[in-house]
Amino acid sequence: MSAVRDGARQVMAWLHGWTGLLLGWVLFVMCLAGTLSVFKPEIGQWMRPETRATADPADAVQAATDWLARNTSGSTGWYLTAPSARTNTVEAAYDSDGGFVYRALDPASGAPAPRETLGGEFFYRLHFELELPYPWGRLLASIAAMAMLVALITGVIAHRRIFKDYFTFRPAKGQRSWLDGHNALGVLATPFHLMITFTGLVTLASLNMPWAMSATYGKDLAAVYHDLAPGVAERPRANAPAPLAPIAPMLREAQRRLGGTIGRVYVVNPGDKAAVVTVFRSDADQLGFTPGEISFDGATGRPLRAWRENRGAVQTYNVVYGLHMARFASIATRWLYFLGGAMLTLAIATGLVLWIVKRRERAPLSLGNRVLERLNAGVLAGVPLGCATYLLANRLLPLGLAGRAELEISAALWTAAAALAIGAALPPRWAWPLLIGATALACALAALIGLVVSVMSGVLLAVAAALALLAAKQLRGPKQRPERRRRAA
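What counts, and where the lines are drawn
Once a new chain begins, its residue numbering starts again from 1 and follows that chain's sequence as written. With the structure being a predicted model, the display of local features is reserved for residues of pLDDT at least 70 and the display and counting of side-chain atom pairs for 80 or more, all residues being used for whole-chain, interface and lining totals. Water and hydrogen atoms play no part in the side-chain values, which are based on all heavy atoms of the structure. Helix numbers and strand numbers start at the N terminus; a helix is a DSSP run of H or I with at least 4 residues, a strand a run of E with at least 2. The buried label goes to any residue with under 20% of its type's maximum accessible area, the exposed label to any with over 50%, and the partly exposed label to all in between, with areas taken from a 1.4 Å probe on protein chains only. The contact definition used throughout considers only heavy atoms, calling two residues in contact when any of these lie within 4.5 Å. Only the protein chains shown count as covering a residue, and every accessible area follows the Shrake-Rupley method with a 1.4 Å probe. Two strands pair under a simple rule: DSSP has to find at least two bridges between them. Angles run from 0 to 180 degrees between N-to-C directions of axes, and those axes are lines fitted to C-alpha atoms, restricted for helices to the stretch in contact. Stacked, edge-to-face and tilted labels apply to pairs of Phe, Tyr and Trp rings (six-membered ring for Trp) whose centres lie within 6.5 Å, assigned for plane angles under 30 degrees, over 60, and everything in between, in that order. Throughout this description, the term charge over a ring refers to an Arg CZ or Lys NZ atom that lies within 6 Å of the ring centre and within 35 degrees of the ring normal. For the purposes of these results, a polar contact is taken to be a pair of N or O atoms within 3.5 Å, where, inside protein, one atom must be able to donate a hydrogen and its partner to accept one; residues adjacent in sequence count only when each atom of the pair is a side-chain atom. To qualify as a nonpolar core, a set must consist of buried Ala, Val, Leu, Ile, Met, Phe, Trp, Tyr and Cys residues joined through side-chain atoms within 4.5 Å. Cysteine sulfur atoms that come within 2.5 Å of each other are treated as a disulfide pair. Whenever a carboxyl oxygen of Asp or Glu lies within 4 Å of a side-chain nitrogen of Lys or Arg, that contact is scored as a salt bridge.

**Quick word on the overall build of the protein chain**
- For the protein chain, the helix and strand inventory stands at 18 helices and seven strands.
- Burial statistics for the protein chain: of 489 residues in total, 47% are counted as buried.
- Considering only contacts in the protein chain between residues 6 or more positions apart, those separated by 24 or more positions represent 68%.
- When the accessible surface of the protein chain is totalled, it reaches about 25100 Å², and 66% of it is carbon and sulfur.

**Here we look at the sheet that holds strand β2 (residues 90–96)**
- Ordered in space as β3-β2-β1-β4-β5-β6-β7, the seven strands form an open sheet in which the pairing is antiparallel. Single-partner strands in this sheet number two, and they are β3 (99–105) and β7 (303–308). Each strand axis lies, on average, 15° off the axis of its neighbour in the sheet, ignoring direction.
- Of the strand pairs in this sheet, strand β5 (residues 276–281) and strand β6 (residues 292–297) are connected by five bridges, and their pairing is antiparallel. Looking at the pairing, phenylalanine 280 lines up with glutamate 293 of β6.

**A few points about the packing of aromatic side chains**
- A full pass over the atoms with the stated rule returns twelve aromatic pairs.
- Where tryptophan 335 meets phenylalanine 338, the ring centres are 5.5 Å apart and the plane angle is 75°; that geometry is what we call edge-to-face. Separated by three residues within a single helix, tryptophan 335 and phenylalanine 338 lie in helix α14 (residues 331–362), roughly one turn from each other.
- On the basis of relative accessibility, which here comes to 22%, the residue phenylalanine 338 falls in the partly exposed class.
- Of the aromatic side chains, those joined through ring pairs into one cluster are Phe39, Trp335 and Phe338.
- Over the aromatic face of tryptophan 46 sits the side chain of arginine 395, whose NZ or CZ is 3.8 Å from the ring centroid.

**A look at the environment of cysteine 31**
- The topology assignment puts cysteine 31 in helix α2 (residues 24–37).
- With relative accessibility at 14%, the residue cysteine 31 sits in the buried group.

**So, the side chain of aspartate 272**
- Within the fold, aspartate 272 resides in the loop between β4 (262–268) and β5.
- Using a relative accessible area of 2% as the deciding quantity, one classes aspartate 272 as buried.
- Polar side-chain contacts of aspartate 272 include one of 2.8 Å to the backbone nitrogen of alanine 238.
- Residues in contact with aspartate 272, not counting those within four places in the same chain, are Arg237, Ala238, Asn239, Ala240 and Ala242.

**Some thoughts on the pairing of β3**
- Relative to β3, β2 is paired through seven bridges, and the arrangement is antiparallel. Bridging across to β3, aspartate 95 finds its partner in phenylalanine 100.
- The hairpin turn running from β2 into β3, its antiparallel successor, is two residues long, and aspartate 97 in that turn takes a positive phi close to 55°.

**Observations concerning the nonpolar core**
- If you look at the biggest cluster of nonpolar residues, it comprises 66 residues, and the most contacted ones within it are Ile348, Tyr390, Leu391 and Leu460.
- No other element matches helix α15 (residues 367–396), which puts eleven residues into this core.
- Look past the residues within four positions of isoleucine 348 in its chain and what remains in contact with it is Gly24, Leu27, Phe28, Cys31 and Met148.
- In terms of nonpolar packing, the next biggest core, distinct from the first, is built from 28 residues, Ala82, Ala245, Val279 and Ile294 among them.

**Re the state of the cysteines**
- Under the defined criterion, the tally for this structure stands at zero disulfides.
- Free of any disulfide, cysteine 443 has its nearest neighbouring cysteine sulfur in cysteine 387, separated by 9.2 Å.
- Look at cysteine 443 and you get buried, because its relative accessible area is 6%.

**Observations concerning the pattern of salt bridges**
- This model, assessed by the stated rule, comprises 18 salt bridges.
- The shortest N-O distance in the salt bridge between arginine 86 and glutamate 42 comes to 2.8 Å. Here arginine 86 is found in the loop between β1 (77–81) and β2, whereas its partner glutamate 42 is found in helix α3 (residues 40–46), with 44 residues between them in sequence.
- Its relative accessible area of 16% is what places arginine 86 among the buried residues.

**Thoughts on the pairing of β2**
- Of all seven residues that make up β2, seven are buried, and the element is covered over most of its length.
- Going residue by residue along β2, you find Val90, Ala92, Tyr94 and Ser96 tucked away on one face and Glu91, Ala93 and Asp95 tucked away on the opposite face as well.
- Of the pairings in the sheet, the one linking β1 to β2 comprises four bridges and is antiparallel in character. Residue pairing in the sheet places leucine 80 in a bridge with alanine 92 of β2.

Shown next, in the form of structure tokens:
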């Protein structure tokens, strides 16, 4: 029986290593971006320091729709997210003159915020789209999440001393320290890692398991959305111009009927007699996602249709989705999410490093191992450098620059690509401290330029200090153990 158990553990250990390795770099990007996305609204506020005014959500959305009515043409829809306690802008996605635009609108004037940026939305999209076109980025993310779930389960099964690893870490022991660190990071937050991976898979279920939906609805996606949100009224454009009725009274009526604060607001066919305004309850005051919605006639303000979600299966999905997004979370819970995500990110990074170290010891002259070791340095140190450069570019680029938000993203991606090239060109002995030191410098500059005093600036300075110490330690190299004295004869 013992031999069978040991054989099963060896198979699980082999599967754990290879599932983690094959998509390890993708998982590292996803987990790092997802961890940062926990504070997406706060990052957005930090990246728009000029926008400080707060307003009642209904008044803020009213100002936004007034500005959109004056400054857009040919729009088929405005998709807005009302400000909340965590963000003081109206997030707006809309089409105008044939182009689709994302903007953060000032809650007082309704005009775009002076500093054009995607803010924390960049990390959120990177987390599950990987800067790849639809649907390829999401498909790759869903495949990587499945690999992550397999790696977590097999890692638990492969552990001989899973409870002992809660309390075991032996520093300055070379490969043993890496293994202890990897085990501790993975084991300490295993329940969170399983939850966040499984719920992430569920959010992409329509992509990785579309067969039930296809068998029921075929290619009629409109019917799918109608059944999921019956309170959304749908009607074709009348092609008869009509101004949008004041939207603030509709939002206050929706808040009264839905029993909670307003979240998303969709205005379909704006400027047309057949305009429809749909209001969704905010996710911030409950665990489940989208528990109800109400639609109004956009031209008259008259309620058309309302829905409170009570279906068990849909509510179950909404709770799973809500657990992953964590919009309900208090500040303490958000920090726990952040800590759990950081531990998962570091567990992936240490696992990749450990795998390379073990392979190098077995075959020190292998060209493949040396290439992987250098690419490891480029990816694991280069992706954080790209993220820090994104924040730094937000402070350095001029406010009125055309395409400013796209340039911030380009700065991040090109920096990560350059870091990958540096990692491939330099020996790891020099690539690691160089790239980590550059990340520390970028974090410090992003925090200090503009002298915006905030929690995020403090966090950036703390990260910069920690990374600077790590880079300095790597430059000094490993401590040489003194030779053991020979025993006297």
